[in-house]
Structures are given as C-alpha cells and as structure tokens.
Amino acid sequence: MILASIPSPSQSVWELGPFPLRAYALCIIAGVVAAIWVSEKRFQARGGKPGAVADVAVWAIPFGLVGARLYHVVTNPELYFAEGREPIKALYIWEGGLGIWGAVALGALGAYIGCRRHGIKFAPFADALAPGVLLGQAIGRWGNWFNQELFGSPTDSPWGLEIDASHRPVGYEQFETFHPTFLYESLWSLAGFFVLIWADRRFKLGGGRVVALYVAIYTAGRFWIEGMRIDTAHEFLGLRLNQWTSLVLFVAAVALFVWLTKTGRGARETVVQVDPSASRDDSGADDDADDSSDAGDGDAAVRDDAEPEGDVSDDTAEASPSLDDGDGSRS
C-alpha cells in the first residue's frame, strides 16, 4: 500500500471566455522571464548595457520556439504524417511538443543575429546567458507536471507521482504512481544553475566556457533521467534518441571546455559591447562587430571589471533566483 505520493494537478487548462489558459505555456513563459532577468543582471555585471539582453531576446525567443517545435516534429514524424494523422497539427504548438535541442540550436542562431545587430560580442553574451537558460529549464519542466506526461517507471516511493488512468501508457494501467522525472530534471537543472554561478565566479570563465559547462552539466543529468522515462521514443542500440544526443553533446562540450582552457581562449573578455552605430559606414552597412569591439574606444567599450554601482554581482543576484525535452511536452 502506498502511504505517500505526489498528486498531479486535476487540470492543466483554464477557460477564460474564448481563450484557454494553459499551465504548460505559463511555465514556459515563467522560465523565459526568469532566464532574461538573471541574464540581464549577469551581462550588466560583465559590462553590458542595460536592456541588451531583452533586445537580443526579441530575436532568440521566436527562433528558439521554432527550433523546439521543428526538433519535436522531425524526431516524431509518425505523430503527424503517418496514415490517419493530421499533418496540419505539426503547427499546433499550443498542444505541446517542444525539443530543448532545437530550442538551443535555433535560439543560439537568433541570439547571434541579435548580438550582431546590437554590437554585442556573442561569446561573453552567451556565457552570461547560460545559467539563466538552465534556470528557465528548471521552471519550464513543471509544465509536464500539469500535463501528466514524461514520467518514469512505476514506483512506490514516497515521492512517487500520481498519474490518472487516462494518462498511463499501455501496459502500465495497473500502476498508480511513477517516478516524477520532470521533478528530477527540474532539481538537476536548478543545482546546475548554482554550480554555473559558482564556477563562473570562482574561475572567471569566458570565451564560451560557461556555455560548454552548461551543456556538459545538463546533458549528464538528462542522459540518466531520459533512461528512466517510459514514454514512446525511438531507440538505437538500447538507448533512446535523446540519450544518444546527450552523450554526443556531453563529449563535445567537455572537449570544447578543455580546448578553450588549454589554448587560453577561455579568458573572460574585457570588451563585451560597443555602440553599433560606430560600426556602420555612411551607407548604413554593418562592419564586423567583433573587430569594432576590440578597438574599445571611449564610452563605447565597457569593461568586465567595471561592476555597475547598485547592481547585483555574479554570486549574489544570480545565485538567488526568486528550456522537451527532449520534446517539451512529449519528449
């Protein structure tokens, strides 16, 4: 007999007149807001101008959403293009189905474009952003709790998650509680957030090393958590697709971190942002933003060691926070 367990919400959608308010979407939005807030504090502490993160987010967020949906659809084509399915539903992002790998890939592309347009060096911006992204993922994962999805194998542990009969996979109808893998990943991401804050403060990471450490931390946890899940997934050689993705990205991230450290390319940059108008010629064409930033002239160059007065430093504001994964709602 199960003496204790974690209940699941009774509903995940609330109707406000003709508009449905979805808990899954609210969790994603809350994660994005938290990520931007933390990243803004970190980038300003590095010398960035106020509002720069929000400016770049205008590009990164829509790119990330498109990438997240594309990854989910490409890795689960049978859900939309098999016989009897409705291909148009591949566009129904509000029904769930987002992939973190696609979100990070296209989100990074959008961030790069935004950085180029606002005269921001991409590597220090990405390093400032990485911990916030991990915090956002920790918050966003709670959307799976509301949807009663992406849980693990059955368990009678006190922290077992109650799943309604209508949400239990075929073959598991007789079980009532399951491993709350959404909670495991959320806690892992939250712990990783604090590790990144500490490591960045302690070792003055730069040149993309915070990003590499973020990828290594997240994929290490995702590999074992993914192996606990019982939702349908493509498998190769006994491992789920997202486990293989995690393994490859973990190795690549560790190799990149080591290479940046040994070559000296991982030092923290002293110039992170310039006035984008300074890199335009009379015709309005953009020059290379990175070359302009190296010049570091006048007020245009802001230095990492010039911490704004009254702002919050890396190890204080960032360490006190108040992106399916594989496939968001179905990965």
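What you see is a predicted model, and the numbers here were worked out from it, not measured in a lab. Every chain begins its residue count from 1, and numbering advances along the sequence as written. Predicted model: local features are reported for residues with pLDDT of at least 70 only, side-chain atom pairs are reported and counted for 80 or more only, and whole-chain, interface and lining totals are derived from all residues. Derived side-chain values reflect all non-hydrogen atoms in the structure, with water molecules and hydrogen atoms excluded from consideration.

Visitor: Lay out helix 2 (residues 52–75) with the relevant residues and their values.
Guide: Strands are runs of DSSP state E lasting at least two residues, helices are runs of H or I lasting at least four, and both sets are numbered from the N terminus onward. By this rule, a helix spans an expected 1.5 Å times one less than how many residues it contains. With 24 residues, helix 2 extends 34 Å between its outermost C-alpha atoms, agreeing within 8% with the 34 Å of an ideal straight helix rising 1.5 Å per residue. Of all the bends in helix 2, the greatest reaches close to 35 degrees and is centred on Val 58; the proline Pro 62 follows between one and four positions later. The bend at a residue is defined as the angle formed between two axes, one fitted to the seven residues ending at that residue and one fitted to the seven starting there.

Visitor: So, the environment of Ala 103: which residues are in play, and what are the values?
Guide: Its location among the elements puts Ala 103 in helix 4 (residues 100–117). With a relative accessible area of 4%, Ala 103 lands in the buried category. As for Ala 103 and Ile 61, which are separated by 42 residues in sequence, their C-alpha atoms are 8.5 Å apart. A simple rule labels every residue: compare its accessible area, found with a 1.4 Å probe on the protein chains alone, to the largest value its type can have, and call it buried under 20%, exposed over 50%, or partly exposed in between.

Visitor: Residues and numbers for the pattern of salt bridges, please.
Guide: Any Lys or Arg side-chain nitrogen located within 4 Å of an Asp or Glu carboxyl oxygen qualifies as a salt bridge. Taken as a whole, this structure holds 11 salt bridges when the rule is applied. The shortest N-O distance in the salt bridge between Arg 268 and Asp 200 comes to 2.7 Å. Of the two residues, Arg 268 sits in the loop between helix 9 (241–263) and helix 10 (289–295) while Asp 200 sits in helix 7 (residues 181–203), which places them 68 residues apart along the sequence. Take Arg 268 and Asp 200: they sit in the same class, and that class is buried. Residues Glu 226 and Arg 229 are paired through a salt bridge, measuring 3.4 Å at the closest nitrogen-oxygen approach. Of the two residues, Glu 226 and Arg 229, neither departs from the other in class, the shared state being buried. Because the salt bridges share partners, they merge into one network encompassing Arg 141, Glu 185, Arg 222, Glu 226, Arg 229, Asp 231 and Arg 240.

Visitor: So, the packing of aromatic side chains: which residues are in play, and what are the values?
Guide: Any pair of Phe, Tyr and Trp rings, taking the six-membered ring for Trp, is counted once the centres come within 6.5 Å. Such a pair is stacked with planes under 30 degrees apart, edge-to-face with planes over 60 apart, and tilted for the rest. Scanning all chains against the criterion turns up 16 aromatic pairs. For the ring pair Trp 198 and Phe 203, a centre distance of 5.6 Å and an interplane angle of 90 degrees mean the geometry is edge-to-face. You can call Phe 203 partly exposed: its relative accessible area is 45%. In this analysis the charged atom, NZ for Lys or CZ for Arg, is taken to sit over a ring once it is within 6 Å of the ring centre and within 35 degrees of the ring normal. Just above the ring of Phe 257 sits the side chain of Arg 209; from NZ or CZ to the centre is 5.7 Å.

Visitor: Kindly report on helix 5 (residues 122–140), identifying the contributing residues and their values.
Guide: In this model helix 5 runs 25 Å from its N-terminal to its C-terminal C-alpha over 19 residues, within 8% of the 27 Å that 1.5 Å per residue would give. Of all the bends in helix 5, the largest measures some 35 degrees and sits at Ala 130, one to four residues before the proline Pro 131. Most of helix 5 sits out of view: 15 of its 19 residues are buried.

Visitor: Describe a nonpolar patch on the surface, listing the residues and the values that go with them.
Guide: The patch calculation keeps residues exceeding 30% relative accessible area without a salt bridge and links them within 9 Å when they carry like charges or within 5 Å when they are nonpolar (Val, Leu, Ile, Met, Phe, Trp, Tyr). Each accessible area value is a Shrake-Rupley result obtained with a 1.4 Å probe; residue values ignore everything except the protein chains displayed when judging cover. On the surface, a cluster of nonpolar side chains totalling about 670 Å² of accessible area is made up of Trp 14, Leu 16, Phe 19, Leu 21, Leu 26, Ile 29 and Val 33. Among the secondary structure elements, those contributing two or more residues to the nonpolar patch are strand 1 (13–16), strand 2 (19–22) and helix 1 (23–45). With respect to the helices and strands, the residue Ile 29 is situated in helix 1.

Visitor: Let's hear about the packing of helix 4 against helix 5: which residues, and what values?
Guide: Across the interface, helix 4 lies against helix 5 with an axial gap of 11 Å and an inter-helix angle of 145 degrees. Classified by chirality, the crossing of helix 5 by helix 4 is right-handed. Residue-level inspection shows Ile 100, Ala 108, Ala 111, Tyr 112 and Cys 115 of helix 4 in contact with helix 5, the latter providing Phe 122, Phe 125 and Gln 137. Residue polarity is assigned by list, with Asp, Glu, Lys and Arg as charged and Ala, Val, Leu, Ile, Met, Phe, Trp, Tyr, Cys and Pro as nonpolar; anything else, Gly included, falls into the polar class. Across the contact of helix 4 with helix 5, the residue classes tally to 7 nonpolar, 1 polar and no charged. Geometry is summarised by axes, namely lines fitted to C-alpha atoms with helices restricted to the contacting stretch, and by angles between N-to-C directions that run from 0 to 180 degrees. Each crossing gets its handedness from the near helix: less than a right angle anticlockwise from the far helix is left-handed, clockwise is right-handed. Note on definitions: a residue-residue contact is assigned when non-hydrogen atoms from the two residues lie within 4.5 Å.

Visitor: A description of the packing of helix 4 against helix 8 (residues 209–226) should follow, citing residues and the corresponding values.
Guide: The N-to-C vectors of helix 4 and helix 8 enclose an angle of 170 degrees; their axes lie 13 Å apart at closest approach. When the axes of helix 4 and helix 8 are compared, the pair comes out roughly antiparallel. Each of Ile 100, Trp 101 and Val 104 in helix 4 lies in contact with helix 8, whose residues at this interface are Tyr 214, Tyr 218, Thr 219 and Arg 222. Partitioning the contact of helix 4 with helix 8 into residue classes produces 5 nonpolar, 1 polar and 1 charged. When an angle is under 35 degrees it counts as roughly parallel; over 145 it counts as roughly antiparallel; between 65 and 115 it counts as roughly perpendicular; any other value is oblique.

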